[in-house]
Each structure stands twice: as C-alpha cells, then as structure tokens.
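Given next are the chains, with one letter for each unit.
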Amino acid sequence: MSSIQTNGKTAATATKPSKAGAAATWVDDRVGIAGAAKKNIRKVFPDHWSFMLGEIALWSFVILLLSGVFLTLWFKPSMAEVIYDGSYEQYRGLHMSEAYASTLEISFDVRGGLLMRQIHHWAAQLFIAAMFVHLLRVFFTGAFRKPRELNWVIGSLLLLLGILEGFTGYSLPDDLLSGTGLRIADGIMKSSPVIGTYLSFFLFGGEFPGDVIIPRLYAIHILLLPGLLLALIGAHMMLLVYHKHTQWPGPGRTEQNVVGYPMMPVYAAKAGGFFFIVFGVTALMGALLSINPVWKYGPYNPAEVTAGSQPDWYMGFNEGLMRIMPAWEYEIGGFTLPLSVFLPAALLPVVLLSVVMFYPFIEQWITGDKREHHLLQRPREAPNRTAFMVALMTFYGLLWAAGGNDILAVVFRLDLNQITYFMRVAVVVGPVLAFIIARRWAISLQRHDQEKLLHGYETGVIMRSPDGEYTERHLPISEAEAFTITARDREEVPALTSGEDVNGVPAPTARKDRLRARLQHFWYADNVQKPTRAELEAARHHAQHELEVHAGEEHAADGHQFDGRHDIHGEELRKH
Amino acid sequence: MRFLSARLSAKRRSPLAGVVVLLMGLLFTGGVSATLSSAVATDDLASDQALVDQGRQLFLVGCASCHGRNAEGVVTQDGDSQYGPSLVGVGAAAVDFQVATGRMPMANPSAQAPRKPAVYNEEETRALSAYVASLGPGPSIPTSEQYDPASIPDDEREESLVRGGEFFRTNCTACHNFDGSGGALPGGKYAPTLNGVDAKHIYEAMLTGPQQMPVFSDDVLKPEEKRDVIAYVKSLEENPGYGGFSMGALGPVSEGLFGWLIGIGGLVGFAVWIAAHTAKSEKRKKA
Ligand code: HEM
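Keep in mind it's a predicted model, so treat the numbers as computed, not measured.

Examining the overall build of chain B
Looking only at helices and strands, chain B has 13 helices and 4 strands in total. Put simply, chain B has 287 residues, and 49% of those count as buried. Taking the contacts inside chain B whose residues are at least 6 apart along the sequence as the reference set, 62% of them involve residues at least 24 apart. Entry remark: accessible area of chain B is about 13800 Å², with carbon and sulfur atoms responsible for 58%.

This is the structure:
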C-alpha cells in the first residue's frame, strides 16, 4: 500500500512486496482498483448523529439478507396440505399448508430457528422504520434540494419497495394473520374499477386463496424485491458519493467544500462499529421480545378471525384509513363502486407516496430556487416545509392510532365507536392545526435567532441598578455561532403579481402564475430575515458600549465572572 | 345457530341496534335455555328447599333492587330499559358465573358489569344459584368431570387439545383474541381476558353467554368439546413464552410500538452517542 501514497514527485522504490501486497498489486494491475479506492478512501464524511440514520437502514438490510438466507434453508413455499407432526403439541395431527408447517418447524425444531425468525422480523421492522426517520432528517434539513432530488426519488422508491418486501414476507408463513392480510389485499385489488377482478385473479391464479399465491410471493420476496432493493441501494450510495454528503453550515464550511473525517480510518471504523451495534440491538430484540408468534395465530382458515388482527406497523396507516372510512358504496349501471375500500386503501396511499416522491420538485416550483445546495438548513429556516411534514406526520400518526383502535379501546378502556368518530374529525383537523402550530413555532425560533444575533444571549446574570431596576445581562454570542446562524440566505419576498402585463393583458399562463406567486408569497412572507451587515455592526457597537458602561462595577454574586472584564476561560455558569 | 349469528351481527350495526339486539337476545336466551335445559336432568340444587330459602333471603337483600322481588326483572320508569333482567329460567350456571366472578351484584350501571372480587362466599353463591334455579329450569352448574381438562384421559389429550384449538380459533378468538388476552366490542363493551379464569367459569360462560357473548349451547358445542376448548385455553396459559416477552400478546400493534420505542429509539440513541465521541470532541476538551 505504501507505493500508493507517493506524492508523485519521487519514484516509488520497489520494496519486496508482502504476499498480500502482491495479491493486491495483481488485482490492481487488472482492474485498476487502487485508483478508485484511493479516491474513495479519501472521501470525507461530515459528522453528525442524524447522518447515521440512513446507516441504520443499510445495516438492517444487511441483517435481513443474512437472516433471510438462513430461513430459506428450511422454509417450504408450498400451499400443499400436510398433517403436522412436529413438536408443537397443540397442533399435532392438524391439517395445514406446508408453508405454515415449515414455519412451525423453523420455530420449534430447527436449532436457533426461532431466534433467526425473530431477528429477521425485527430487522424488517427496523429497516422500514429507519428509512422513515432517515427520510425525515433528509426532509427537515432540506438535503433533498438540487442536486440531490434524484437520490430523494430513489429513496422514496426504496421506501415503497421496502414496504412491499415487508408485506410479502408477512404473508409467507400462511398463518391466520398473513392470510387475513392477503384477503384484505385481495379486497383492495378487487375494489379498483374495471381491472380489479382481473388483477386479483391474475395474482392469485384464480379465486382467492388458490394454491399459487405463496410460491409467487416467495419468488417476489426472496428474489425480485431484494434484487431491486440491492440495485437501488447501490445507486443511492453511488449518488451519495458522487454528490458528496451535505453538511451543516459553520465556520470553514461552505457550499464548495466538505469538512469531516476521511473514509479511512475514522469513518469506516465508526460505520463498522455501528453495524455491530445495529446487529446487537436486533439480536437482543430477537432473543428477548416475541414477534409474530405464528403458533398462537394458527394456520390460515378463511372461516376464522381474531381480535388483534393488524398488519405490521408500516401498513398500519392504511388499516387505520379503512377502519375509519364511512361505508360509501355506490352502484352505477349495475357495477358496484366500493369507495369505502378503494379511496382509503388504493388511492390515498398512491397519492401520499407521490406527494413525498415529488416533493423536491413541488418545492422548487413554488420557490423558483434552482441553485445547488450543499449546506443543510435547520428546520426553522423553512417554516412551511417543516410545517408541511409535521402535518403529514400528524395525519400518518393519527391513522396509525386508528389502525389500532381496538387495542386502544381495550388498553385504555375506551369506546370503539367514539374512537372512530373522533378520528374521522381528527385526521382532517389535526394536520391543519399541526401545520399552523409548527409554522408559527419555526418562525418564533427564527425570531429567537434574530434576538441572539442582535442582542446577545441571556446570561442569567441579573443586575440591579442603583435606582432599583432589575435587568438581565445579555452577552454577544460567539463568532462561530453567529456565523452559523447567518449562513442562510436572505430571501426575497416576492410581490404578488396579477399575472397581467402592463397593458392589463393576462399572460397565457396567468392563472398558474398567480397561484405560484401567491404560494411563493405565503412561503416567504412571514419569515424573519437575517439582519443586514449594518444592523449587525450597530448591534455589536451597542454591546461594546454596554460593556464599557458596566466596567468597574463590583459583583459579589455568582455570574460576575461573565461581566466581560476578565478572561472567562474555564469559567462556567451554564453551558452555552 | 341463527341466534348466534344474530348476536354476532350486532357488531356491525349502530350501538343502539346493539342494545336492542342485546335486550332481545337476553329475553331470547331465557326462552332458548329454558327449552334446552328441560332435557337436562333435574337440578339437585333446587330440590334442597333449605338452600333455596336461604338463597331467597340473600336475593331479597342483594339482588331484588334490580331484578325484582321475584326475580321477574325491573323495568325503568320510561319503560325502555331495565335495571335488571328477569332471571326466571337463566339457571344456576348463570348465577354461579355472575356471582362467583364478582359481576353480580352489579355495583353501578355501566356498559358492562366488570369482573371484580366476589361479594358472596361459596355457600352463599350456592344458595343464590339454588333459589334462581328453583324459579324455572335452566342450565345447571357443571360438574368437574364436565369442565376439568384433567379428566381427559391421557391418550386422548393431544387430540382434545388440537380439536379444542380449532373450536377456540373458530368461535372465540374473534372477540377474545388469539391468546385469550381480550378484545374490544362496539359501544365501550369488551371481551375480557381469559387468562386466569377458572375452568368452571369458562364452561359456564359458554353455557350461559353473558351479555354480548353468544350462548354456546350443548347442541352447538357438546360438553366434551367445551372441555376441549378449556384444555386449549389452559394450555396457552401453560405455554412457556417461546419467543420471549409477549408484550401483552396483542398482536402486531405492540410489536410496532416496541420496534419504534426500543429499536429505533435505542439505535438513534447510539448514533447520538457515537457522533458525540469523536476525535474532534476530544480535541475540544484538551483545548
Ligand atoms: C433502503 C433504504 C435506504 C438506505 C439503505 C439509505 C442509505 C443512505 C445512507 C447510508 C445515506 C448517507 C447517510 C445519511 O445521510 O443518512 C443516505 C443519504 C440520502 N438518502 Fe438514503 N437510504 C435509504 C432510503 C432513503 C429514503 C426512503 C429517502 C427519501 C425518500 C432517502 C433519501 C436520501 C438522500 C436525499 C440522501 C442524501 C442526504 C445528504 O447527502 O445529506 N434515502 N441514504
């Protein structure tokens, strides 16, 4: 490796290569890996906890692959009927599908099988949950802006594929819950106009449940979707390296550079260490917490249903939508239109996903901002964006709760019907309220920043003047903090346009322009713009004056160390 | 069976319809069980006149305010509902179930009389049962061979378990959950947990169908089959937690909750921890 690190000015002296070195050279001569590795090894990654959320998803995916391979060794994707003869006493002699029987076998007769099943299932839940928190961090920091829109779209696709992967996996064991879930999926498909029945018959190879669905889902679950996921994750990572990671603004950090640690050794060590942590947490959960106890649900039987029939959490919002939907069903020309299923279960998820997937382009259209951004924004710096996601989260969260309405009723002794009525209103009103609150909150935080810049931070030192007035001392914030806060741009608040030219002739795109202008106005109008240079200087001057006025005063109380008259190094009253 | 489906369909209608169906059902129950249990052998409890008299005394003090002096039921002033239904023909089993599980005497009117510590001791419960049984024929208190899973011969045990599981999953899990941990019903009502319920009371619950629960008469579910169901329910209780902590055995909802709180919560915590322990922060400390 030493020969790689030459600066190119002096010829590398050939030392006798070690065995490993020789092998590396052999490979390098043929595929030129050293060049690529050198470049990537020196890639710099900025350091922040929120930049590790994507990694949780990545590592849980690795765990999914590993544990999944283990499960394929014993799982039999067949709906053929067999008589159970394993060690779970309650079912011995019961007729069931081979898929279910082999799941019981993995659970009770394969060494480490139950642990692996539980690790696999927990990893799946964590995988998708990690994607969600990762998405939220990318969203709230504006990391999806140009040039990373494409990576955002890939990310959304990963989310969709991840959820589908989870659902197909949930359906494989052919237990009561997985069969019930498939029955619902069948119903959702059939609710779509015109193509519904064909779609369902195509997928199930005839009338539900048929005997091909599990082999088909198996192929999708272990081959098709993981392949697509792997390819897209690869593309996601390559784009990440190509664009370089975003960073928080701060002294020395600009739109042109990346400040952080090189891939080798710091970042790789951290990332590698994090893998073991993710693996450790997943393994602990797999060992200690029971997940999907299929032996309690029993084999799928269309005549049975159980209280507590819910999908895994990532389908919960969908379940919730269906549970609170009023029973709208119309008949048009002899055809039934089951809107109570189609709207919540088929249409709305597609709309939701599209809004998320195309959000970067929607925002770009509103703001007209086509510049590249490599510095992140704090959530408060884009109040409408932040508020939009908070509203979406509220909507999603309420639907989650609605999907578990029966559990809420049992655990909190509530009335099932009243939960439903409440949720029907809450899913409409809640997001609106959340939007308003989050938006105002972000703007208040902007004001707070402004305050700190112009008047300094609150020291907690209370001063009493000779005439008895109490005041709190403010001191200027550090240069670095001031730099960080002022790193954002001043925004131009656009005037509302009528979409007409000077002669009053409406432009062909007048309506669109007006809408856009109005949105743009709403986007920026209430924001607090960062102070101008002149304002900042005036504030600084004022602060200087304050300090001089108070020079020479004596203090007895704690806090006097911050009067600015001597070195405050090592002094600490409160962290700031 | 028609009766059973009528009760079940109440779940899908408005809460008011549910109440109406419930009331009709309660009246109906009396009729059905009266006809059914005419076939049952004579109630030995009711033939013990001293016990019946003692029960009547207890009844007048503790139950008559709602059920009437002759257990004929008390209708509210507006005539729409009852303080308590007629107990003629509900049988000793119903009284034993309601009183021994503490449901009766009902403390305050609510959506459902909850299980609570029993007010009457065993002897008094027997007396109350005898009194109500003397009012009209109804299902009698089951004997321990009928309900106790231990009375199943060893060589039939496994088969019974499997059969009981099938009955349980077909007839009970819709309300009581796959693990018997309970579930919600419309209108603030609920199917309680079956964990820790006496075998005898499980049997009586099936036999008398308290409140929202359908009656599983001996025609629907034979006495041996009831015992199989009980054997299965008890075997669920005895199962070791194969997968670890069951998180309430409520299904995927609690799994999702734990996945987010412990899984993602813990991992984000670790991420914050790792990011806070960098070469950089060490440098800062030294500076
Ligand atoms: C299979 C699932 C996913 C994996 C394994 C994954 C992995 C990663 C990793 C390791 C990073 C760099 C570290 C970080 O910023 O957290 C990253 C960045 C990014 N991800 Fe993902 N991600 C996934 C899903 C998603 C989703 C669902 C979205 C959004 C819809 C998304 C959008 C992005 C974007 C825009 C970046 C660039 C962020 C930046 O440079 O600041 N990803 N991803």
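Concerning the pairing of strand β8 (residues 470-475) of chain A
All names here are of chain A. Alignment of strand β7 (residues 457-464) against β8, held across 5 bridges, turns out to be antiparallel. Its bridge partner being in β8, Ile462 is matched across the sheet by Glu472. Between β7 and the antiparallel strand that follows it, β8, lie 5 residues; Gly468 among them carries a positive phi value of about 95 degrees.

Quick look at the site of the ligand
All names here are of chain A. Looking at the ligand, there are 25 residues lining it, with His134, Arg137, His236, His245 and Thr246 nearest. Separating an oxygen atom of the ligand from a backbone N or O atom of Phe51 is a distance of 3.0 Å. A distance of 3.3 Å is found between an oxygen atom of the ligand and a side-chain nitrogen or oxygen belonging to Arg148. Elements represented by at least two residues in the shell around the ligand include exactly α3 (53-72), α5 (113-140), α6 (149-171) and α9 (213-243).

Section: the interface of chain B and chain A
Taken residue by residue, the interface counts 57 residues in chain B and 66 residues in chain A. Contact between chain B and chain A buries roughly 5100 Å² in total, counting both sides, with carbon and sulfur atoms accounting for 68%. In this structure, B:Arg169 and A:Glu304 form a salt bridge, with 3.8 Å as the shortest nitrogen-oxygen distance. Where chain B touches chain A, the interface holds 19 residue pairs in polar contact (both at pLDDT 80 or more).

Let's talk about the environment of B:Glu124
When you line up the elements, B:Glu124 lands in helix α6 (residues 122-135). For the pair B:Glu124 and B:Phe59, spaced 65 residues apart in sequence, the C-alpha separation works out to 9.9 Å.

Things to note about a negative patch on the surface
Together, B:Asp154, B:Asp155, B:Glu156 and B:Glu159 line one region of the surface with negative charge. Structurally, the position occupied by B:Glu159 is in helix α8 (residues 154-171).

Examining the domain arrangement of chain A
The domain architecture assigned to chain A consists of domain 1 (44-326) and domain 2 (445-557). Here domain 1 of chain A and domain 2 of chain A have C-alpha centroids that lie 46 Å from each other.

A short note on the confidence of the model for chain B
Residue and element names in this part refer to chain B. Of all residues in chain B, 80% attain a pLDDT of 70 or more, and the chain-wide mean is 80. Confidence drops under a pLDDT of 50 for residues 1-13, and excluding neighbours within four residues, the segment shows 21 contacts in the predicted structure. For this predicted complex, the interface confidence reaches an ipTM of 0.83, while the overall pTM sits at 0.84.

A look at unusual backbone geometry
In this structure, the amide linkage connecting A:Phe208 to the following residue, A:Pro209, adopts the cis form with an omega of -5 degrees. Structurally, A:Pro209 is set in the loop between α8 (196-204) and α9. The residue after B:Met104, namely B:Pro105, is reached through a cis peptide bond having omega 0 degrees. Among the structural elements, B:Pro105 can be located in the loop between α5 (91-100) and α6. In this structure, B:Ala71 is a non-glycine residue whose phi angle is positive, near 60 degrees. As for its placement among the helices and strands, B:Ala71 is situated in the loop between α4 (64-67) and β1 (74-75). Among the residues examined, B:Ala71 registers a relative accessible area of 0% and is labelled buried.

Structural notes on the confidence of the model for chain A
When pLDDT is averaged across chain A, the result is 86; 89% of the residues are at 70 or more. Here residues 1-8 of chain A is a poorly scored stretch, pLDDT under 50, and it has 4 contacts once near neighbours within four places are set aside; other chains count.

Notes on the packing of aromatic side chains
Applying the stated rule across the entire model yields 37 aromatic pairs over all chains. A ring pair is formed by A:Trp59 and A:Phe275, whose centres lie 5.3 Å apart and whose planes are at 75 degrees; its orientation type is edge-to-face. Residue A:Trp59 is located in helix α3, and its partner A:Phe275 is located in helix α10 (residues 263-288); the two are separated by 216 residues in the primary sequence. Overall, the relative accessible area of 17% leaves A:Trp59 in the buried class. Relative to B:Tyr242, the ring of A:Phe108 lies with its centre 4.8 Å away and its plane at 75 degrees, an arrangement referred to as edge-to-face. Residue A:Phe108 is located in helix α4 (residues 98-108), and its partner B:Tyr242 is located in the loop between α11 (223-238) and α12 (252-276); the two belong to separate chains. What makes B:Tyr242 partly exposed here is its relative accessible area of 34%. An aromatic cluster is built from A:Phe132, A:Trp313, A:Tyr314, A:Phe317, A:Tyr396, A:Trp400 and B:Trp260, whose rings are joined through pairwise contacts. The positively charged end of B:Lys226 is found above the aromatic ring belonging to B:Tyr203, 5.7 Å away from the centroid.

Procedures and definitions
- Counting restarts for each chain, with residues numbered from 1 along the sequence as it is written.
- To read the labels, note that chains go from A and ligands from 1, taken in the order they are written.
- Selection of residues for local features in this predicted model requires a pLDDT of at least 70, selection of side-chain atom pairs for listing and counting requires 80 or more, and totals for whole chains, interfaces and linings are taken over all residues.
- Side-chain numbers here rest on the full set of heavy atoms in the structure, without hydrogens or water.
- Numbering goes from the N terminus for both helices and strands, where a helix is a DSSP run of H or I of at least four residues and a strand is a run of E of at least two.
- Type-normalised accessible area, obtained with a 1.4 Å probe on protein chains alone, sets the label of each residue: buried when under 20%, exposed when over 50%, and partly exposed for intermediate values.
- Note on contacts: a residue pair is in contact if any heavy atoms of the two residues lie within 4.5 Å.
- The protein chains shown are the only cover counted for residues, whose accessible areas, like all others here, come from Shrake-Rupley with a 1.4 Å probe.
- Here, strands pair whenever DSSP counts at least two bridges between them.
- Definition of nearness: a residue and a molecule or strand are near each other if at least one heavy atom of the residue lies within 4 Å of the molecule or strand.
- Residues adjacent in sequence count toward polar contacts only when both atoms are side-chain atoms; beyond that, a polar contact is any pair of N or O atoms within 3.5 Å, and within protein one must be able to donate a hydrogen and the other to accept it.
- A 1.4 Å probe defines the accessible area here, and the buried area is the portion of it lost by two parts on being joined, summed over both.
- Any Lys or Arg side-chain nitrogen found within 4 Å of a carboxyl oxygen on Asp or Glu counts as a salt bridge.
- Note on patches: the residues involved have over 30% relative accessible area and no salt bridge, like charges join within 9 Å, and the nonpolar side chains Val, Leu, Ile, Met, Phe, Trp and Tyr join within 5 Å.
- Charged-residue counts in this description rest on Lys and Arg as positive and Asp and Glu as negative, His and the chain ends being excluded.
- Each charge is placed at NZ for Lys, CZ for Arg, CG for Asp and CD for Glu.
- Delimitation of the domains relies on an automatic or database domain assignment.
- The predictor rates its confidence in each residue with pLDDT, a number between 0 and 100.
- Two aromatic rings from Phe, Tyr or Trp, using only the six-membered ring of Trp, form a pair when their centres are within 6.5 Å; if the ring planes differ by under 30 degrees the pair is stacked, by over 60 it is edge-to-face, and anything between is tilted.
- Whether a charge sits over a ring comes down to the Lys NZ or Arg CZ being within 6 Å of the ring centre and within 35 degrees of the ring normal.

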